[in-house]
Amino acid sequence: MNKLNRIVVCGNGLAANLTALALQQTLSEKIIIELIRVGNQNSTDIFYGSITAPNIYDFHLNLNVSEPELLLNTNTSFCYGNQYLKWGMSDRSWLQCFHLYLGAEEGVDFHQYISRQGISEQKQANLEHYLINAQAGLAGKFAHPPAGNDQHPLSRAEYGYQFNPKEWSDIYASMLDENRINIIDSDIEDIQIDKGEITSLKLTNGALIQASLFIDCTGPNAQLLSQLGSKPGEGRKLRAVKGFQPAVQMGPAFRRIKSFPYGWQSETHLRNGAERLTIYTDKNKAAAIKNHGLPVIEQCRVKTGHREHAWLGNCVTIGHAANVIEPLTPAPNMMLINDILRLLELLPHTTSMSEEAEEYNRRFKQDAENIDLFLGALFSFDDKLKDSYWSDTAYITKSDKLKRKLNQFEYRGRIAMYDLEPFNEQDWTILHFGMARTPQIYDVLVDQIASSDMTVKLNKMREVLQQVASQMPPHALYMEKLLQYLKKKH
Amino acid sequence: MNDTKPKLLKEITIVGGGSAGWMTAAALARMLPTGDVKITLVESEQIGTIGVGEATIPDMARFNRNLGIDEREFLKATNGTFKLGIEFNNWGKLGDKYFHPFGGHGVDMHGVDFHQYWLHSLKAGNTNSIEEYSICSVAAKHNKFVLPEQNPKSVLSNLAYAYHFDATAYAAFLRKYAENLGVKRIEGKIETVEQDPTTGNISALHLEDGNIVKGELFFDCSGFSSLLLDKTLGVKYRDWSQWLPCNTAKTVATKQDGPMLPYTRSTAKETGWQWRIPTQQRVGNGYIYCDKYISDEEANKVLLDGLDGEPLSDVRTIRFKTGCQEVFWEKNCIGIGLSAGFLEPLESTSLFLIQQGITRFIALYPNGELPDIVRNEYNRLMTREFEQVRDFIILHYKATQRDDSPFWRYCRDMEIPESLQRKMALFQHGGRIFRDENELFTRASWVAVMLGQNIYPETNDPILANIPKDGIQHSLSSMKKSMEQITTKLPDHAYFIEKYTEMKPQSGFTMPNTGKM
Ligand SMILES: Cc1cc2nc3c(=O)[nH]c(=O)nc-3n(C[C@H](O)[C@H](O)[C@H](O)COP(=O)(O)OP(=O)(O)OC[C@H]3O[C@@H](n4cnc5c(N)ncnc54)[C@H](O)[C@@H]3O)c2cc1C
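Caption draft 1: Region of interest: the overall build of chain A. Secondary structure assignment for chain A yields 15 helices and 22 strands. By the compact-globule yardstick of 23 Å for 490 residues, chain A fits well, its C-alpha radius of gyration being 23 Å. Across its three principal directions, the C-alpha atoms of chain A cover 75 × 55 × 50 Å. Burial analysis of chain A (490 residues in total) assigns 61% to the buried set.

Caption draft 2: Structural context of the sheet that holds strand β20 (residues 333-335) of chain B. Residue and element names in this part refer to chain B. Taken together, the 6 strands give an open sheet; going across it, the order is β7-β2-β1-β11-β20-β19, and neighbouring strands pair in mixed fashion. Unpaired on one side and paired on the other, β7 (184-187) and β19 (329-330) mark the two borders of the sheet. Where strand β1 (residues 11-15) meets strand β11 (residues 217-220), 4 bridges bridge the pair, whose relative direction is parallel. Residue T13 lies in a different strand from β11, and its bridge partner there is F218. Across the sheet, helix α1 (residues 19-31) touches β1, β2 (38-43), β7 and β11, and the angle it forms with β2 is around 170°.

Caption draft 3: Just the sheet that holds strand β18 (residues 298-303) of chain A, in detail. Residues and elements named next belong to chain A. One open sheet holds the 7 strands; their spatial order is β5-β4-β15-β16-β17-β14-β18, and the pairing between them is mixed. Single-partner strands in this sheet number two, and they are β5 (94-97) and β18. Averaged over all neighbouring strand pairs, the angle between strand axes comes to 20°, with direction disregarded. Pairing geometry for strand β15 (residues 255-260) and strand β16 (residues 263-270), over 5 bridges, is antiparallel. Across the sheet, F260 pairs through a bridge with G263, a residue of β16.

Caption draft 4: Fine view of the confidence of the model for chain B. Across chain B, the average pLDDT comes to 91, with 95% of residues at 70 or higher. For this predicted complex, the interface score ipTM comes out at 0.78, while the overall pTM is 0.87.

Caption draft 5: Representation of the site of the ligand. All names here are of chain B. The immediate surroundings of the ligand are formed by 35 residues, with G17, V52, A55, I190 and L351 found nearest. At 2.7 Å, a backbone N or O of G17 approaches an oxygen atom of the ligand. S44 is positioned with one of its backbone polar atoms (N or O) 3.0 Å from an oxygen atom of the ligand. Protein burial of the ligand: of its 1000 Å² of free accessible surface, 97% is covered by the chains. Sorting the residues of the shell around the ligand by element identifies α1 and α9 (350-363) as the ones contributing at least two each. At 3 residues, the largest contribution of residues to the shell around the ligand is made by α9.

Caption draft 6: The arrangement of the packing of helix α12 (residues 418-430) of chain B against helix α13 (residues 443-452) of chain B in detail. Residues and elements named next belong to chain B. Where α12 meets α13, the axes come as close as 11 Å, and the angle between the chain directions of the two elements is 70°. Between α12 and α13, the angle is such that the two are roughly perpendicular. Along its contact with α12, which presents L420, K423, M424 and F427, the element α13 presents W446, V447, M450 and L451. Each residue belonging to the contact of α12 with α13 can be placed in one class, and the counts come to 7 nonpolar, no polar and 1 charged.

Caption draft 7: The arrangement of helix α2 (residues 59-66) of chain B in detail. Residues and elements named next belong to chain B. Taken together, the buried positions of α2 are D59, M60, A61, F63 and N64. Of the surrounding elements, those touching the buried residues of α2 are α1, α3 (71-78), β6 (162-164), α6 (167-180) and α9. Just past α2, the residue G68 takes up positive phi, approximately 75°.

Caption draft 8: Region of the structure containing the domain arrangement of chain A. Residue and element names in this part refer to chain A. Partitioning chain A into structural domains gives domain 1 (6-77 + 163-378) and domain 2 (99-157 + 399-490). The interface of domain 1 with domain 2 comprises 28 residues on the first partner and 30 residues on the second. Taken together, both faces of the contact between domain 1 and domain 2 bury some 2300 Å²; the carbon and sulfur share is 77%. On the domain 1 side of the contact with domain 2, L72, L373 and F374 bury the most area, a combined 27% of that side's loss. Viewed at the interface, domain 2 and domain 1 are joined by 0 salt bridges. The interface formed by domain 1 and domain 2 includes 5 residue pairs in polar contact (both at pLDDT 80 or more). Class assignment for the residues of the side of domain 1 that touches domain 2 results in 15 nonpolar, 9 polar and 4 charged.

Caption draft 9: Structural detail: the nonpolar core. Core analysis: the largest hydrophobic core is formed by 281 residues, its most contacted members being W87(A), I12(B) and Y397(B). If one sorts the elements of this core by residue count, helix α10 (residues 372-398) of chain B sits on top with 11 residues. The contacts of W87(A), once residues within four sequence positions are left out, are R92(A), W94(A), I257(A), S259(A), W264(A), L328(A), L378(A), F379(A), F381(A), W390(A) and M435(A). V8(A), V38(A), I188(A) and I209(A) belong to the second-largest nonpolar core, a separate cluster that totals 19 residues.

Caption draft 10: Just the side chain of R92(A), in detail. With respect to the element layout, R92(A) can be found in the loop between β4 (81-85) and β5. Residues within four places of R92(A) in sequence aside, it is in contact with Y84(A), L85(A), K86(A), W87(A), F381(A), D383(A), G434(A), M435(A) and A436(A).

Caption draft 11: Just the interface of chain A and chain B, in detail. Between chain A and chain B, the residue contacts involve 46 residues of the former and 43 residues of the latter. Of the roughly 4000 Å² buried where chain A meets chain B, counting both sides, 54% is carbon and sulfur surface. Contact with chain B buries area across many residues of chain A, yet H349(A), Y411(A) and V444(A) alone supply 17% of it, more than any other trio. Between the two partners, chain A and chain B, sit 7 salt bridges. A salt bridge links R404(A) to E377(B), with the nearest nitrogen and oxygen atoms 2.3 Å apart. Connecting chain A to chain B are 13 residue pairs in polar contact (both at pLDDT 80 or more). Only α4 (110-121), α8 (331-345), α9 (354-378) and α12 (400-412) of chain A provide two or more residues apiece to the side of chain A that touches chain B. Of the residues forming the side of chain A that touches chain B, the biggest block, 8 residues, is contributed by α9(A). Residue composition of the side of chain A that touches chain B, grouped by class: 15 nonpolar, 15 polar and 16 charged.

Caption draft 12: Region of interest: unusual backbone geometry. All names here are of chain A. Here the phi dihedral of A222 falls at roughly 45°; this positive angle occurs in a residue that is not glycine. Mapping A222 onto the fold places it in the loop between β13 (213-216) and β14 (237-246). Classification of A222 by relative accessible area gives buried; the value is 0%.

Thresholds applied
- Residues numbered from 1 in each chain as written.
- Chains lettered and ligands numbered in written order.
- Predicted model: local features only at pLDDT ≥ 70, side-chain atom pairs only at ≥ 80, totals over all residues.
- Heavy atoms only, no water.
- Helix = DSSP H or I, 4+ residues; strand = E, 2+ residues; numbered from the N terminus.
- Rg over C-alpha atoms; globule rule 2.2 N^0.38 Å.
- Buried < 20%, exposed > 50% of the residue type's maximum accessible area, 1.4 Å probe, protein only.
- Pairing = 2+ DSSP bridges.
- Contact = heavy atoms within 4.5 Å.
- Axes fitted to C-alpha atoms, helices over the stretch in contact; angles between N-to-C directions.
- pLDDT = per-residue confidence, 0-100.
- Near = heavy atom within 4 Å.
- Polar contact = N/O pair within 3.5 Å; in protein donor to acceptor, adjacent residues only side chain to side chain.
- Areas by Shrake-Rupley, 256 points an atom, 1.4 Å probe, with all protein chains shown as cover.
- Parallel < 35°, antiparallel > 145°, perpendicular 65-115°, else oblique.
- Nonpolar A, V, L, I, M, F, W, Y, C, P; charged D, E, K, R; others polar.
- Domains from an automatic or database assignment.
- Buried area = accessible area lost by both parts, 1.4 Å probe.
- Salt bridge = Lys/Arg side-chain N within 4 Å of Asp/Glu carboxyl O.
- Core = buried A, V, L, I, M, F, W, Y, C linked by side-chain atoms within 4.5 Å.

Right under this line is the structure:
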């Protein structure tokens, strides 16, 4: 059993650069790190999506990637969430925002009071009225939560970013220290394997690379892990095209998603303009491309789904090499972060790593399944279109775990959660309301507060939030002023 | 959209007036909307209660708080003392001693768990045990106690505590509380239970005195007899005695003399273990063993030899089978307390499981139709709860190096549930804790028992190699020093209780008179 002394990261895109950076910032100098820039994952990196959840902030901080740096050096903008407009070509529209705990009254979750209101007024209950970032986002506004004032309504508003994967990949790459990480530009010619472990990589530049641990960040094909017998996941084939529309004025602090029979189209509001992504299935290519309407700057075709094992022998996969997720939510980025955190936590101490691999695979599978629950919930509705994009979704909606979640909500508005779900209770609550799921009954404990008293309280709350939102600056103006300030400071 | 108001349960009937019955009655009376539901409790003085169950875990304070019970009143009424953790003797090897504290050890740094630092420091010659970095252990060792501080910067913010108390007095205390909130108590022995011939639901209880108590939803809190769940509805029992072979308890109380310790003591014996639980006036003692390996008479002797005070009564014998019901909620009946299952009191979890049974029910509070969707969810959650506690208790038996008796050899060599096996293997390999989110026992608890019972990881976290050894040593020394310094200033446990219970209840609290507070 030898000490872990050399780690090789393979890949040339967002996952590889972020993984290398994370290793550089955490590992002891005694462990040699090499980055082999294999291939180019720019086109499939589209599938990391263009928004992140709020947890990226702390993750970045730990890697010394600061918000000012991101804002000053890329076209990144703020993001309160995803707006689904007429999702599934129905009248379901909502802003799936990131929000802190929604609170409780008399020990009963806040949303139960909204459910009661909806049930007794015989109309779809609207949670959005009571979410500060939904109100601010829809009004085109943005501001950071006030520091040190957790009484202010805005302190409940969490935010992530709208970003371009290529720009972020470049930022991470620029932070790699070449004195610490040996970077090689080369493809792989051959992979030598012995007893289920990679012994060496022969590169096209002639070099022979050996290591204790190989990290495969080569994108959906998983060039290394696939040689150890791993099969791709059981998702579905999707195509993506990306275009860009420059803009003088930056758009709102959310990404907008519109549904079409062929799939969906998103507008990500970056600082220099809007990025348009169209996702569709093979069958509807012509309609999708026609409707895309912008020159194609990037495109790809991938199969979604996660591998059975993300770690085999001495090779662990990060990002798309392990799991490709449809970028309909911030899940692809969340999963990438989780992959890296999981790896750092389980980084083997020696060359005997089967314990770590087993635990890694267990957690990986749990994370992947939990993430799919959220995506599955977006496709769990009855009036679905017959087109293949909408009808071929059984692979993600059939899970019993998902059914249990939906049943629990639909019966009595209960938010059933599993261990360590990446999407939290608020995300699920907002999603259920957005998808117009209506509980049959509400929690009886709600009746501790009379309906009329609660209506007064809720109306007041709505007014306050609207007022706060109206006083906030527009996203574009806020960004402009912030950048002026940051430029002066840095 | 359906009906505007959920169809409500009108009647809840609780069978049994031990801790389980009165905790259920009190919590339901407090939490459910006033006047909507009639709560009745039937108990039999002739049968009596089990009357043990004196040690708890920190969640107990939350339960009382939710009921609006003032801590001082509670301590006075139940002869309560504070508990900072459990001292385990002779578990890993004969002569070993470790402390399982509530609250964590040390402070995590740079995203790395504290125990990894401690393990790392051993290599640099650190000879302090990990518990010397836990404020609960340090205070317990010096027989000190104080309430935790709110300020997260203070060492005392890491202090967590539970109680030792008189279980019978607690049931009586809650009885008064619940009756004040309108719970109706019926004294009488239930002779037969009537079921609806079509649904199989329980419809009425027939008492010895001819009284008939009808009901809509029943809680079976009838103790080991499991009158409704087992005897009436025929729910099967999951027997876990292959992993937890002890099946008998001998109990006796002794007079409290000597210092009032703020912790429970658990001493492993040749065929089981003995507890010592200090309340204000007396000390609860008990010997838990497997009758396959020792006769009852010998067990009596072991118990009496292990006492450090005069017994106040004769020794009681209690038989049990470790395990739980296959379902906790069957038809219109929910089992809570001993009727639902029993896990030996090694980590004082029974009252906690009662508490969970009640809070889960309230969280899922059904309408009058008691749909499967609610029942199934309740059963799923409670099964998980029992299994997680089970694994943690098995760990104490499995992680032993003792081979001085057939009992310990059996425990050391037995097969264990896969879930626990993985946890142990992962720790053994690299000191990592298998993650399960909503698990009762925290990382610190698993670490305390594994290290306490000599499971030392084979390798150390590579990330630590980046941090200079001197820096680690310095941080550890200053943590230890600050704990010692603060402990010297803390009051003695007995003194603290005396002064604390003399103080007036905090504003807002009184025993409820009528209606909801
Ligand atoms: C040896 C031992 C040690 C323990 N130590 C701890 C500990 O340290 N910490 C901890 O948390 N827990 C401990 N427990 C568990 C704890 O004692 C019980 O979980 C708790 O007291 C709940 O008991 P119960 O109310 O379910 O049952 P019981 O106290 O047995 O109550 C049963 C009730 O049902 C009534 N009843 C039964 N049959 C009938 C009938 N036919 N008609 C009318 N009424 C009836 C009885 O009158 C009684 O009121 C211990 C248990 C044992 C056995």
